[in-house]
Amino acid sequence: METRSIWSLRLTTFMIALIPVAVAVNYVGKAIAAALKLPLWLDSIGTVLAAMLGGPVVGALSGAINNIFYGLTADPVSFWYAITSIFIGLAAGYFAYTGWVQSTGRAIALGLVVALVSAVVSTPINVILWQGTTGNAWGDALFTALRIHEVPVWLASFLDEFVVDLPDKVITVFVAYLVFRGLPQRLVAQAGARRVQGGR
Amino acid sequence: MRAPSLYVPGRSFVHRADPLTKAAWAFSTALAGFIVPDWRATAALLVLNLTLLGLAGALRRTARLILASAVLVATFFVAQGLSHPSNAEPLFRVFGLTFYREGLLVAWVLALRLWNTIAAIGVLVFTVRPQDLVTALLMRGLSPRAGYALVSIIQVLPTLSASVATILDAQRSRGVETEGGLRVRLRALLPMLAPLIMSALAAAQDRAVALEVRGFSRPGPRTILRPVRDMAGAAFWRAVGLGVLVAAVLWRALGG
């Protein structure tokens with residue numbers, strides 16, 4: 001198989017078929033988090049996994065289509081946050097393809113990076129749309145406390161988002177990594193991803 | 001489980017308007033609600049959108065979505081009421097915390113914008129089947145591959161959701177603890193998700209083969225099985241929608 005640039009826009013049919021699965025996994029991850037009463041969203045496991053398998057372009061497309069679909073079928077506010085999902089897919093895909101899913105330690109580091117990217121991209125959206133709050137009770141309590149102490153709105157809003165994103169995205173990426181590691185080699189190769197052999 | 005959907009069947013004139021006209025209206029008025037410098041204009045847009053939703057018979061759905069946003073709205077009032085920098089005039093005290101008039105007003109504006117977003121986009125999503133919206137976009141040049149990715153979610157999701165309960169039961173019967181402390185529940189995550197994802201990916205492989213033998217990646221134009229036609233005067237109504245947005249921007253730039 002010829003080697004492709006990771007930014008290649010020529011998607012195979014399997015990559016296209018991967019996108020709806022990523023969106024469905026996002027939905028189901030959220031449902032399972034709720035069923036297990038976990039204080040997390042876990043609504044981007046599919047996007048991260050698609051990015052690990054198909055690279056940044058497939059990750060970004062999965063993220064965008066996820067929020068468009070979610071906006072059309074469940075929560076209209078979700079459209080505004082498509083940008084965050086796109087960047088989560090881009091970041092996860094880029095770093096996965098440059099070798100960040102080869103060990104548990106690196107997967108956790110990738111989780112930190114994704115959490116940071118997610119918070120950095122969401123902060124301007126939260127500030128522009130809602131003057132900084134996120135709708136998460138814990139994060140917003142922190143935001144309010146910081147604002148009373150005259151911390152600038154951008155920093156307070158970033159921390160509001162980051163305290164929630166940090167555990168959420170680290171666990172999201174870690175779960176996606178564990179699944180990715182357990183996938184059959186044939187499937188990984190078909191998606192065009194590289195995976196170090198014998199990682200188990 | 002059926003695919004999630006917000007579509008409310010009906011034959012009102014809002015339903016009969018074509019998807020792209022409604023999309024233009026929905027996104028223009030949602031954005032305009034944020035841009036106009038006076039909250040009464042946002043309120044007027046909200047009332048206008050609610051009227052359209054009332055004509056479409058979708059008010060109950062809208063009310064449910066607006067209620068679902070209650071937590072977000074509550075955080076506006078608490079966060080801004082306590083800590084907005086313009087706060088000067090104390091209004092009341094609860095649990096030793098002082099709420100200020102200015103911050104609560106800011107929160108009110110934010111709440112109106114949120115509700116207007118829900119109502120505006122509701123005009124689109126409550127009255128258009130997602131399939132029809134994608135068809136309309138395909139006719140305007142959306143790539144058939146992107147169109148497929150969007151529409152096939154409607155088929156993939158119910159299958160996957162249906163297996164959630166099955167796998168939950170199966171793993172419990174094998175001794176996976178799904179209740180207890182946070183660590184226990186976190187550890188249950190992987191045995192739940194891994195089999196689901198594996199089978200979904202295997203199905204995606206099969207689907208890719210099935211698509212390929214049907215000429216999915218063949219170049220060239222595609223025909224549409226059930227075309228979506230533009231409503232009469234579509235161009236005019238789209239211009240009205242965009243006009244609202246342009247007016248909001250001009251008002252903000254010149255007057256606000």
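None of the values given here were measured: they were computed from a predicted structure. As a convention, each chain's residues are numbered from 1 in the sequence order in which they are written. Each chain is given a letter, starting from A, and each ligand a number, starting from 1, according to the order in which they appear as written. pLDDT decides what is reported in this predicted model: residues at 70 or higher carry local features, side-chain atom pairs at 80 or more are listed and counted, and totals for whole chains, interfaces and linings draw on all residues regardless.

## Observations concerning the overall build of chain A
Condition: Note on conventions: DSSP H or I runs of at least 4 residues are helices, E runs of at least 2 residues are strands, and numbering of each starts at the N terminus. Taken over C-alpha atoms, the radius of gyration is set against a globule rule of 2.2 Å times the number of residues to the power 0.38. Comment: burial labels come from other C-beta atoms within 10 Å of the residue's own C-beta, placed from the backbone, where a count of 20 or more is buried, 12 or fewer is exposed, and between is partly exposed.
Along its length, chain A carries eight helices and zero strands. Put simply, chain A runs from its N terminus to its C terminus through helices and strands in the order α-α-α-α-α-α-α-α. Its C-alpha atoms give chain A a radius of gyration of 17 Å, within 12% of the compact-globule value 16 Å for 200 residues. Its C-alpha atoms give chain A principal-axis dimensions of roughly 60 × 35 × 35 Å. Counting over 200 residues, chain A shows a buried share of 58%.

## As for the interface of chain A and chain B
The condition that has to hold: Our contact criterion uses C-beta atoms placed from the backbone: two residues qualify when those atoms are within 7 Å. Any residue outside Ala, Val, Leu, Ile, Met, Phe, Trp, Tyr, Cys, Pro, Asp, Glu, Lys and Arg is labelled polar, Gly included; the first ten of those are nonpolar and the last four are charged.
Every contact between the two is made by 50 residues of chain A and, on the other side, 54 residues of chain B. Listed by contribution, the elements that provide at least two residues to the side of chain A that touches chain B are α1 (13-35), α2 (45-54), α3 (56-73), α5 (104-130), α6 (137-148), α7 (153-182) and α8 (185-191) of chain A. Ranked by residue count, the leading element in the side of chain A that touches chain B is α1 of chain A, at 17 residues. Its residues placed into classes, the side of chain A that touches chain B shows 37 nonpolar, ten polar and three charged.

## What to know about the nonpolar core
Our working definition: By our criterion, buried Ala, Val, Leu, Ile, Met, Phe, Trp, Tyr and Cys residues that link up through C-beta atoms within 7 Å make up a nonpolar core.
Counting residues in each nonpolar core, the largest one holds 132 residues, and the members touching the most others are Leu-18, Ala-24, Leu-49, Met-52 and Ala-92 of chain A. Those residues within four positions of Ala-24 of chain A in sequence are excluded, and the remaining contacts are Gly-46 of chain A together with Ile-153, Val-156, Leu-157, Leu-160 and Ala-200 of chain B.

## Concerning the domain arrangement of chain B
Using the following cut-off: Each domain's limits were defined by an automated method or a database of domain assignments.
Under the domain assignment, chain B is made up of domain 1 (13-128) and domain 2 (143-213). The C-alpha-based centres of domain 1 of chain B and domain 2 of chain B are spaced at 35 Å.

## What to know about the environment of Ala-248 of chain B
Residue and element names in this part refer to chain B. Relative to the assigned elements, Ala-248 resides in helix α10 (residues 234-254). Through-space distance from the C-alpha of Ala-248 to that of Val-36 is 5.0 Å; in sequence the pair is 212 residues apart. Discounting residues that sit within four places of it in the chain, Ala-248 has contacts with Ala-32, Ile-35 and Val-36.

## Examining helix α6 (residues 101-125) of chain B
Where we set the bar: How far a helix is expected to stretch is found by multiplying one less than its residue total by 1.5 Å.
Here α6 of chain B is 25 residues long and its end C-alpha atoms lie 36 Å apart, about the 36 Å a rise of 1.5 Å per residue gives. Where burial is concerned, most of α6 of chain B is hidden: 19 out of the 25 residues are buried.

## Side note on unusual backbone geometry
All names here are of chain A. Located in the positive-phi region is Lys-37, a residue other than glycine, with phi close to 55°. Lys-37 gets classed as exposed once you count the C-beta atoms within 10 Å, which come to 10. With a phi angle near 50°, Leu-42 is a residue other than glycine that sits in the positive phi range. Inspection of the secondary structure assignment puts Leu-42 in the loop between α1 and α2.

## Let's talk about the packing of α1 of chain A against α3 of chain A
Residue and element names in this part refer to chain A. As a reminder of what qualifies: In this description, a line fitted to the C-alpha atoms serves as the axis of each element, helices being fitted only across the stretch in contact, and the angle between N-to-C directions of two axes falls anywhere from 0 to 180 degrees. Geometric relationships in this document are graded by angle, where less than 35 degrees denotes roughly parallel, more than 145 denotes roughly antiparallel, 65 to 115 denotes roughly perpendicular, and other angles denote oblique. By definition, turning the near helix anticlockwise from the far helix through less than a right angle yields a left-handed crossing, and turning it clockwise yields a right-handed one.
The interhelical angle for the contact between α1 and α3, taken along N-to-C directions, is 50°, at an axis separation of 9 Å. Compared by their axis directions, α1 and α3 come out oblique. The two elements α1 and α3 cross, and the hand of that crossing is right-handed. Contacts between α1 and α3 involve Met-15, Leu-18, Ile-19, Ala-22, Val-23 and Asn-26 on the former and, on the latter, Val-58, Leu-61, Ser-62, Ile-65, Asn-66 and Phe-69.

## A word on the packing of α2 of chain A against α3 of chain A
Residue and element names in this part refer to chain A. Contact pair α2 / α3: the axes reach a minimum separation of 6 Å and the direction vectors enclose 155°. Put simply, α2 runs roughly antiparallel to α3. In this structure, α2 crosses over α3, and the sense of that crossing is right-handed. Residue-level inspection shows Gly-46, Thr-47, Ala-50, Ala-51 and Gly-54 of α2 in contact with α3, the latter providing Pro-56, Val-58, Gly-59, Ser-62, Gly-63 and Asn-66. Partitioning the contact of α2 with α3 into residue classes produces four nonpolar, seven polar and no charged.

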